[in-house]
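Chain by chain, the residues run as shown.
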Amino acid sequence: MALAHAILAALVDAPCSGYDLAKRFDGSVGFFWSASHQQIYRELAKLEDQGWISYESILQAGRPDKRLYTVTDLGEQHLKEWIAQSCEPTPIKDDLLVKIFAGHIVPKQIILAELENHQNAHQKKLSTYKDLEQRYFQNPQELSESGKFRYLTLLNGISYETHWLAWCKQVMELLNQTIEN
């Protein structure tokens, strides 16, 4: 997926400024497609050149004009066509798995410490996802159509983090058993 598609997906429901888009991106699409604010601003210019988005200048006293970006009909059509195209599962590229694969060449405590760091990060992300679920998705059957689709991506994140934490626990137990023996 190109960053362009993630930006179009984030903008398709409501126009917003580049700054607000970057903030919105961090709290939604950014959970599964990361991009820096600089990358987002560069991509906005490209999307405008392609006619996929347009903007309205909003005058601001004592500050530069604000650009309010909107997806054009052409941009929405492009996004629909992209969604309709089949995509391949994303290949796994995970430094931690490479470290574990060759982990037998270092003391197990090194791998366990790395696993603990990752476990903490995944637990934090799972907590964030659970908070979002409680805050915005308590009654999934009552959500708007777009809300239901957003909830589906959140369910994937919850499932991923839950599975990852279960795997991590299993790995740590196995490694701790071999240390004790």
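Criteria and thresholds
- Residues numbered from 1 in each chain as written.
- Predicted model: local features only at pLDDT ≥ 70, side-chain atom pairs only at ≥ 80, totals over all residues.
- Heavy atoms only, no water.
- 1 Å grid on protein atoms, 1.4 Å probe; cavity = no way out; pocket = protein on both sides within 12 Å on 5 of 7 lines; lining within 4 Å.
- Points joined across faces, edges and corners; volume = space filled by probe spheres on them.
- Helix = DSSP H or I, 4+ residues; strand = E, 2+ residues; numbered from the N terminus.
- Nonpolar A, V, L, I, M, F, W, Y, C, P; charged D, E, K, R; others polar.
- Buried < 20%, exposed > 50% of the residue type's maximum accessible area, 1.4 Å probe, protein only.
- Contact = heavy atoms within 4.5 Å.
- Phe/Tyr/Trp six-rings, centres within 6.5 Å; stacked < 30°, edge-to-face > 60°.
- Lys NZ or Arg CZ within 6 Å of the ring centre and 35° of its normal.
- Axes fitted to C-alpha atoms, helices over the stretch in contact; angles between N-to-C directions.
- Parallel < 35°, antiparallel > 145°, perpendicular 65-115°, else oblique.

Colleague: For this particular structure, what's the right way to read the layout of surface pockets?
Modeller: One way to see where empty space is left: roll a probe the size of a water molecule over the atoms. Roughly 2,400 Å³ of volume is contained in the largest pocket. Around the largest pocket, the lining is made up of 50 residues, and of these V29, F31, F32, W33 and T153 lie nearest the centre. Among the elements of the structure, α1 (3-11), α4 (73-84), α6 (108-136) and α7 (145-180) are those that each provide at least two residues to the lining of the largest pocket. Here the lining of the largest pocket gets 14 residues from one element, more than from any other, and that element is α7. Residues that form the lining of the largest pocket fall into these classes: 27 nonpolar, twelve polar and eleven charged. Every residue along the wall of the second largest pocket is listed here: I100, F101, G103, H104, K108, I111, V171, L174 and L175. Where the lining of the second largest pocket is concerned, the elements lending two or more residues are α5 (95-101), α6 and α7. The element best represented in the lining of the second largest pocket is α7, accounting for three residues.

Colleague: I tried to follow the environment of Q119 on my own but got confused; where do I start?
Modeller: Counting through the fold element by element, Q119 comes out in helix α6. Of the residues examined, Q119 reaches a relative accessible area of 23% and is grouped as partly exposed. Here the alpha-carbon distance between Q119 and K169, two residues 50 residues apart in the chain, equals 8.4 Å. Not counting chain neighbours up to four residues away, the residues in contact with Q119 comprise W164, L165, C168 and M172.

Colleague: What am I meant to see in the packing of aromatic side chains here?
Modeller: Remark: the centre distance and the inter-plane angle together describe each pair of aromatic rings, the angle taken between the planes. Tallying each qualifying case throughout the model produces five aromatic pairs. Relative to F137, the ring of Y136 lies with its centre 6.4 Å away and its plane at 70°, an arrangement referred to as edge-to-face. Classification of F137 by relative accessible area gives buried; the value is 14%. Of note, R67 hangs over the ring of Y55, and the distance from its end group to the ring centre comes to 4.0 Å.

Colleague: Looking at this structure, I do not really get the packing of α1 against helix α2 (residues 18-26). What am I missing?
Modeller: For any two helices packed against each other, the geometry comes down to the angle between their axes and how far apart the axes lie. For the pair α1 and α2, the least separation of the axes is 10 Å and the interaxial angle reads 100°. It follows from the interaxial angle that α1 and α2 lie roughly perpendicular. On α2, the residues that touch L3, A6, I7, A10 and L11 of α1 are L21, R24 and F25.

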